[in-house]
Amino acid sequence: MQKIYDNADAALEGVLKDGMSIAAGGFGLCGIPELLIAAIHKAGVKNLTIASNNCGVDGFGLGILLDSKQIAKMQSSYVGENAEFMRQYLSGELELEFNPQGTLAERMRAGGAGIPGFYTKTGVGTVIAEGKEVKNFDGEDYILERGIVTDLSIVKAWKADERGNLNGTVRKQAWVDELCDVGGSRPTGQVVDRCEAVGLAATEGGSGPQDSVLSCHAFRPSNTTEGLGEKGLQPGGRVGLSK
């Protein structure tokens, strides 16, 4: 299986289709996979369902897919400062499945773990509970939330190996300093910049839920360090990953 690609367009070739669902990592403006979002925009696929915390802002992040009317439905917890998001929702052009922040995160985790649904007290007695099963446990009401499973997931990571294992970071921007051998013990000598990924959670290389890796594919612009700044990084020549 090929795991190294020259660019985001190549990484997503044959993966995208109209009507598909995509889970997008990041928090609006931070930690988002810009290159893969741009490739999705360029591909022109439509009627997408996007599961993400929010939809960026006007003209940036997932917001560019809103501007081009490629998104039909958002599964989000925050509308934010996106005027186009609000306009499309209020006009009926965009379907919105609103979720409390923790519920959205748990729905994604549950879907990745093969859990079809779970009960939570969050949202009981509010519009969030409308149309959902309510069950009483020990005198308390809980609502049933379904796990989210998408056709594709796009994320950004800090470091990758050539097998596609990713290492995350708590920094707002996730840069890939180097492409390592599998396991990350030795650099391959291939220096890369920013790393973006598409893939689903996997158990390979992970010892538990907190350090599970993603099974993804990396692409690199070159094998040289030419043009890198003092800190070894600069915009351009970015690295992405694909399913």
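Scroll up for the structure.
Fair warning: this is a prediction, and the values are worked out from it, not measured in the lab.

Undergrad: I keep staring at empty space enclosed by the protein and nothing clicks. Help me out?
TA: To find leftover empty space, a probe the size of one water molecule is rolled over the atoms. Applying the stated criterion to the full structure yields one cavity of 30 Å³ or more. Its boundaries defined by the atoms lining it, the largest cavity holds a volume of some 50 Å³. Lining the largest cavity are Ala24, Gly25, Gly28, Ile32, Ile37, Ser52, Asn54, Gly56, Gly61 and Leu62. The class makeup of the residues in the lining of the largest cavity is four nonpolar, six polar and no charged.

Undergrad: Would you explain the nonpolar core in this entry?
TA: Most often, soluble globular proteins keep nonpolar side chains buried together rather than apart. Of all hydrophobic cores here, the largest spans 24 residues; its most connected members are Ile22, Ile40, Ile50, Ile71, Met74 and Ile154. Those residues in contact with Ile50, other than ones at most four positions away along the chain, are Ile22, Ala24, Leu62, Ile71, Lys73, Met74 and Gln75.

Undergrad: Would you mind going over the pattern of salt bridges with me for this structure?
TA: Side chains bearing opposite charge may pair, as long as their charged atoms lie close to each other. Scanning all chains against the criterion turns up eleven salt bridges. Two residues, Glu93 and Lys69, come together in a salt bridge whose shortest N-O distance is 3.4 Å. On the criterion of sequence distance, the pair formed by Glu93 in the loop between helix H4 (83–90) and strand S4 (95–98) and Lys69 in the loop between helix H3 (63–67) and strand S3 (71–76) is long-range, its members being 24 residues apart. Across the pair Lys73 and Glu97 runs a salt bridge whose closest N-O atoms are separated by 3.0 Å. Taken together, the positions of Lys73 in strand S3 and Glu97 in strand S4 put the pair 24 residues apart, joining distant regions of the chain. Looking at Lys73, the relative accessible area reads 18%, which means it is buried. Assessed through its relative accessible area of 22%, Glu97 is described here as partly exposed. By sharing partners, the salt bridges in this structure join Lys69, Glu84, Arg87 and Glu93 into a single network.

Undergrad: Mind showing me how you'd approach unusual backbone geometry here?
TA: In terms of backbone geometry, most residues other than glycine have negative phi values and most peptide bonds are trans. Look at Asn47: it is not a glycine, yet its phi comes out positive at around 55°. With respect to the helices and strands, Asn47 occurs in the loop between helix H2 (34–43) and strand S2 (48–51). A relative accessible area of 52% places Asn47 in the exposed class. The phi torsion at Lys69 lies on the positive side, around 60°, for a residue other than glycine. In this structure Lys69 comes out as partly exposed when scored by relative accessible area, which is 43%.

Undergrad: Looking at this structure, how should I read a nonpolar patch on the surface?
TA: A contiguous nonpolar surface patch, about 350 Å² in accessible area, is contributed by Met86, Tyr89 and Leu90. Here Met86 is to be found in helix H4. Accessibility expressed as a relative area gives 47% for Met86, which makes it partly exposed.

Undergrad: Can you walk me through the sheet that holds strand S6 (residues 134–137) in this structure?
TA: Strand pairing in a sheet relies on backbone hydrogen bonds, with the paired strands running either antiparallel or parallel. Read from one edge of the open sheet, three strands run S5-S7-S6, paired in antiparallel fashion. Of all strands in the sheet, those with a lone pairing partner are strand S5 (117–120) and S6, marking the two edges. Adjacent strand axes in the sheet meet at a mean angle of 40°, parallel and antiparallel pairs treated alike. Note: S6 against strand S7 (residues 140–146), four bridges, orientation antiparallel. The residue of S7 that forms the bridge with Val134 is Ile143. Against the sheet, helix H5 (residues 101–112) touches S5 and S7, its axis set at about 155° to S5.

The rules we used
Every chain begins its residue count from 1, and numbering advances along the sequence as written. Predicted model: local features are reported for residues with pLDDT of at least 70 only, side-chain atom pairs are reported and counted for 80 or more only, and whole-chain, interface and lining totals are derived from all residues. Side-chain measures were taken over the full set of non-hydrogen atoms in the model, leaving aside hydrogen atoms and water. Cavities and pockets were defined on a 1 Å grid built from protein atoms only: a cavity is a group of points that admits a 1.4 Å probe but offers it no way out, a pocket is an open group of points flanked by protein on both sides within 12 Å along at least five of seven lines, and a lining residue is one with an atom within 4 Å of any such point. Grid points are joined across faces, edges and corners, and a volume is the space filled by probe spheres set on the points. For this scheme, ten residues count as nonpolar: Ala, Val, Leu, Ile, Met, Phe, Trp, Tyr, Cys and Pro. Four count as charged, namely Asp, Glu, Lys and Arg, and the remainder, Gly too, count as polar. For this analysis, a nonpolar core means a set of buried residues of the types Ala, Val, Leu, Ile, Met, Phe, Trp, Tyr and Cys, connected via side-chain atoms within 4.5 Å. Think of it in three bands: residues with accessible area under 20% of the maximum for their type are buried, residues over 50% are exposed, and the middle band is partly exposed, with areas taken using a 1.4 Å probe on protein chains only. Residues are treated as being in contact if the distance between any of their heavy atoms lies within 4.5 Å. By definition here, a salt bridge exists when the distance from a side-chain nitrogen of Lys or Arg to a carboxyl oxygen of Asp or Glu is within 4 Å. Secondary structure elements follow DSSP: runs of H or I of four or more residues count as helices, runs of E of two or more count as strands, with numbering from the N terminus. Each patch is assembled from residues with relative accessible area greater than 30% and no salt bridge, linking like charges that lie within 9 Å and nonpolar side chains (Val, Leu, Ile, Met, Phe, Trp, Tyr) that lie within 5 Å. Accessible areas in this description were obtained via Shrake-Rupley with a 1.4 Å probe; residue shielding takes into account the shown protein chains only. Note: two strands are recorded as paired if DSSP finds a minimum of 2 bridges between them. Lines are fitted to the C-alpha atoms to define the axes, a helix being fitted only along its stretch in contact, and any angle between axes, read from their N-to-C directions, falls within 0 to 180 degrees.

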